[in-house]
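Single-letter residue listing:
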Amino acid sequence: MKSLFSRRSAVVTVVIAAALVLSGCSKSVNDSAGGASGDCGSYAIAMHAWGGYTASAQVVAEVAKKELGCTITQTTLDEGPTTYDAMEAGTIDVVIEDWGGGRWKEWTDRGAVVEAGLNGNVGLIGMYVAPWMAEKYPDITDSKNLNKYADLFKTADSAGKGAWFEGPAGYTTIGEKMVSANKLNFKVIFSGSEAALVDGFTKAEANKTAFIGYAWQPWTLFAKIPNMESGHVKFPANDWSDPAKASGLTDYPESPLVKLISKNLNDANDAFTSLVKNFKWTNDDQNGVAADIEGGMTPEAAAQKWIDAHADVVATWLGK
Amino acid sequence: MKVRKSYLLLGSVTIWILLARLLHGKNTLQLDTYENTAFTTFVGEKALELRGNRTGSPAFIYFFNPIRAVIDGFVQFIRNIIAVPAPNSVIPIIGWLGVVGIVAFVVFATSQWKTALLATSLLLACGALGMWQFTMDSIAMTLAAVLLSLAIGIPLGIWAGLSDRVLKILTPFLDLAQILPTLVYMAPIALVFMIGAASATIATMIYAIPISIRITSHAIRNLNQSPVEASESMGSTRKQTLTKVQIPMAKQMIVLGINQTVMAAVSFVVIAALIGAPGLGKPVISALIIRNVGQGFVAGFAVVFLAILLDRSTSAVAKKQASFVPATAKEIMRRRIIVGIAGAGAVISVFMSRTMLWAAVWPKEVTVAPQVERFTNNATNWILDNLYIFTVGFKDFISYSILNPLESLLSASPWYVTVAMIVALALIIGGGRTAILAFVLAMGIVLSGLWYEAMLTLTQTIVGTLLTMIVGMALGIWTGRSDRAERVLRPFLDAGQTLPAFVYLVPMLGLFGPTRFTAIATGIVYSIPIVVKIVCAGIRAVPHALVEAATAAGSTTRQIITKVQLPAAKKTILLATNQGLIYVLAVVVIGGFVGSGGLGYLVIVGNSKPELQGKGLIAGAAILLLGVIFDRIMQAGARRSS
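Criteria and thresholds
- Residues numbered from 1 in each chain as written.
- Chains lettered and ligands numbered in written order.
- Predicted model: local features only at pLDDT ≥ 70, side-chain atom pairs only at ≥ 80, totals over all residues.
- Helix = DSSP H or I, 4+ residues; strand = E, 2+ residues; numbered from the N terminus.
- Buried ≥ 20, exposed ≤ 12 C-beta atoms within 10 Å, placed from the backbone.
- Contact = placed C-beta atoms within 7 Å.
- Nonpolar A, V, L, I, M, F, W, Y, C, P; charged D, E, K, R; others polar.
- Pairing = 2+ DSSP bridges.
- Right-handed = clockwise from strand over helix to strand, strands pointing away.
- Domains from an automatic or database assignment.
- Core = buried A, V, L, I, M, F, W, Y, C linked by C-beta atoms within 7 Å.
- pLDDT = per-residue confidence, 0-100.

Draft legend 1. Examining the overall build of chain B more closely. A count of helices and strands for chain B gives 27 helices and zero strands. Projecting the C-alpha coordinates of chain B onto the three principal axes gives extents of approximately 80 × 65 × 60 Å. Taking all 642 residues of chain B together, 52% fall into the buried category. Across chain B, every contact between residues at least 6 apart in sequence was considered, and the portion connecting residues at least 24 apart equals 80%.

Printed below as a string of structure tokens:
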């Protein structure tokens, strides 16, 4: 039996070797398929978690693949340091949308990451109550009155206070500071993901239950819940010039969203570099593509649909 | 003795509750998430320095970076063969048909046609789920990690099998690796090796190597000693005895070790995507982010198929038994001819996958993914819409009745009270040495500045373990007493063990919302299979004579269970509780993604906010300390009860 076993492993080895040799010398499909490799190399785009990001990144990827013949890989990973590290390591070349007000400074100072301009989207962050509440309790959208309604927001997890649903881990969040500086009787719950917030807002609106949570634009939820904006709670404005010291009194500032590229891509200075640098579109553009994706289209199809309808915009990105 | 111990336990808990009431809210060491302590700031600065040095310092240039480059290159080499377009090419070296042909042939040649058929259909099913490339990426990652793990694990295992000293040195590390929650060591690894395939491979290896070391050394140690002695007495050198006697005799067991190493690597497929592993983890995690249950399940099924495929084809080799009837020359000849034909088929399929596009790239039209996705989404939506009231009711019930009181007991009382109580419990259950260890480790958490968050995590872990044990004991006793129950439950337990926790984190989020209970529920589902299996084995190991004697004495079934089987299986049940606790802890911290807060959230937020990176790293260490404290107490308890 033992000899049979080893003879069998010999057979296996021979067959695999034969297969490999064969695969090495046989005429490859490549020749017949005629790989669409233009003067553009092979690059990786970081894919961050939120729907809007997927829309922007997919549009850039499709244009790069179809118009420039680049080989594009899309790598799902966390925003922030993990991505900057990957850019430094050479495994990621593009971040198409970063909200993080300069948190990449350490990497740009080292020259590992390069800022590539604004992408045209403007980020607005704020705390929102479910819109039905704004209608029923008109004064709830003034932060001074929140405590009056804190009891409504109680859950099993909020330790007897109102539950305040904070944005995902990587996002710019100052909930704890806002709560303590405004002396709000709320407990910050780190809801962890976009999904949790979508779920929270839609269930609250459908079932008329109380909900206050973190929201941002551009975001497809604003298309799904029509009067979402009416639930925007206004806080006393504050100076945001130094994020480290910004006290809790502040509401979130408007942030123009930034593109980042790796040193490699910047140095390559090829067709893809200029596509990324030229890429610019509006919040409405992004929301449209993101809504298609959320509605069940594949990201590829949704991006292609937008590209087909906006040939003129794409042409400006390509410098035509 | 036994009575006194339970009185002592009861007494300490009473004192604890009284003190907690008296000193409620004092010295809780609570810290806002964005706040750093001097210590976490220091660690954060060190981490930043480390990142800055990655291109400059000798340690990186001559050590870490070459390791990363070599592993990256190795993974990329395997991916080029089966998964991603090879350099200067639009397809991998071997297309899908070729991969199917080779897998079918290898499995057929090493075991039998039934396993080969199963393997082929599972592979095709992954393709039909639209996951071909992700599956190939995962296979490539698994293959790379397993080969590297075995290259380190088997020699070390053999060495530890031969030398008591080596085993003694390795044992603490092996124990530690087994209780190390996966979320914990990803960040430090990524800090040194950066995000990417190399980090993911190394993380997988840390998980898999201890298993191969353990089983290999066990295999060498438990050999029948007489052939070994015979060989020695005939004047063989140690090397001859090892290579001609011990290793061949232990071969079957070592193959089982390979099987377990492969399974460990597969179970890492999803979580490794968090640090940049290519493969099936990506669609699972993106499904979590956009809460697409259907997509999560499609990718999750592919993970399970892959796990079954690898499990069956490797364990079939291990189980292959020599027949007592020697094969006739004719049978051997026939077998050889069939194997030869299969080999030719494999070669032809590779050739076709190189020359024809349909055999190279999985045809997009051949897919059931949209149907599966729609079906699961509809089913989940129905459950969410109709059962929401019940699930929320259950969640609230558990939260108000157990979770909140316990959380207030642990986190809202002064740290010194809780530390004293943990030490007292360690003393009563485990004895003096365990108590000292528990004190040192608990003080480590206090000094880290993350005591409050640690208590939140501890609360969730305890509640999760409690619920797990209620369900797990019931099912374990049932399957332990009835063969039929075991046959019915077995497939579910196996599937539950291979399905990555991330896959059901998505529907749990839908059922319970962003709450602590979502994390707890996920931890329960994850840990029940292992608890059931251990309890079942414990009940089955109770000597028949005992049970028969009790039956003859006229005991009822209930009496037999409570008076005979459970007491006799006490040690196993303690070990099951320990295993359950470690499993729950590992998953509860992942709950940071869905609103459970605690240490897990700090680890996650530390990965994405540079100013909190130090805090995240320390939070990881604190999770580990928690795990070790409870593992040591329970292990000591189990040792004493035997």
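Draft legend 2. Fine view of the overall build of chain A. Across its full length, chain A holds 14 helices and nine strands. Taking all 320 residues of chain A together, 48% fall into the buried category. Put simply, 72% of the contacts in chain A that link residues at least 6 apart link residues at least 24 apart.

Draft legend 3. Spatial organisation of the environment of Ile 383 of chain B. Residue position: Ile 383 of chain B is located in helix α16 (residues 369-411). Placed 344 residues apart in sequence, Ile 383 of chain B and Phe 39 of chain B show a C-alpha to C-alpha distance of 47 Å.

Draft legend 4. Structural view of unusual backbone geometry. Residues and elements named next belong to chain A. Omega for the bond connecting Gln 217 with Pro 218 falls within 30 degrees of zero, at 5 degrees, which places this linkage in the cis form. Take Pro 218: it is sitting in the loop between β7 (212-217) and α9 (221-224). One non-glycine residue, Asn 269, adopts positive backbone phi at about 45 degrees. As for its placement among the helices and strands, Asn 269 is situated in the loop between α10 (263-268) and α11 (271-278). The class of Asn 269 is exposed, set by 10 C-beta atoms lying within 10 Å.

Draft legend 5. Representation of the interface of chain B and chain A within the structure. If you look at the interface, chain B gives 66 residues, while chain A gives 52 residues. For the side of chain B that touches chain A, the elements supplying multiple residues, two or more each, are α2 (38-52), α4 (96-110), α12 (281-290), α14 (329-355), α15 (357-360), α16, α21 (501-512) and α26 (598-608) of chain B. No other element matches α14 of chain B, which puts nine residues into the side of chain B that touches chain A. Here the side of chain B that touches chain A is composed, by residue class, of 37 nonpolar, 20 polar and nine charged.

Draft legend 6. Main features of the pairing of strand β2 (residues 71-76) of chain A. Residues and elements named next belong to chain A. Across six bridges, strand β1 (residues 42-47) lies against β2 in parallel orientation. When the bridges of β2 are listed, Met 47 appears paired with Thr 76. Since β1 and β2 lie parallel, the crossover through helix α3 (residues 51-68) that links them has a hand, and here it is right-handed.

Draft legend 7. Examining the domain arrangement of chain A more closely. All names here are of chain A. Here chain A is partitioned into domain 1 (37-122 + 256-317) and domain 2 (123-254). If you list the elements that add at least two residues to the side of domain 1 that touches domain 2, you get α3, β4 (113-129) and α12 (283-294). Sorting elements by how many residues they give to the side of domain 1 that touches domain 2 places α12 first, with six residues. Residues that form the side of domain 1 that touches domain 2 fall into these classes: seven nonpolar, nine polar and three charged.

Draft legend 8. View of the pairing of β4 of chain A. All names here are of chain A. Relative to strand β9 (residues 254-262), β4 runs antiparallel, the two sharing seven bridges. Looking at β9, one finds that Gly 123 is bridged to Ser 255. Sheet topology note: the β4/β7 ladder contains six bridges and is antiparallel. Note that in β7 the partner of Ile 125 across the bridge is Trp 216.

Draft legend 9. Geometry of the nonpolar core. The biggest cluster of nonpolar side chains holds 300 residues, and the ones touching the most others in it are Ile 45 and Val 60 of chain A together with Ala 302 of chain B. Both domains that meet at this core, namely domain 1 (37-122 + 256-317) and domain 2 (123-254) of chain A, each give it at least three residues.

Draft legend 10. Fine view of the confidence of the model for chain B. Predicted confidence across chain B gives a mean pLDDT of 87, with 98% of residues reaching 70 or more. In the predicted assembly, ipTM is 0.78 and pTM is 0.84.

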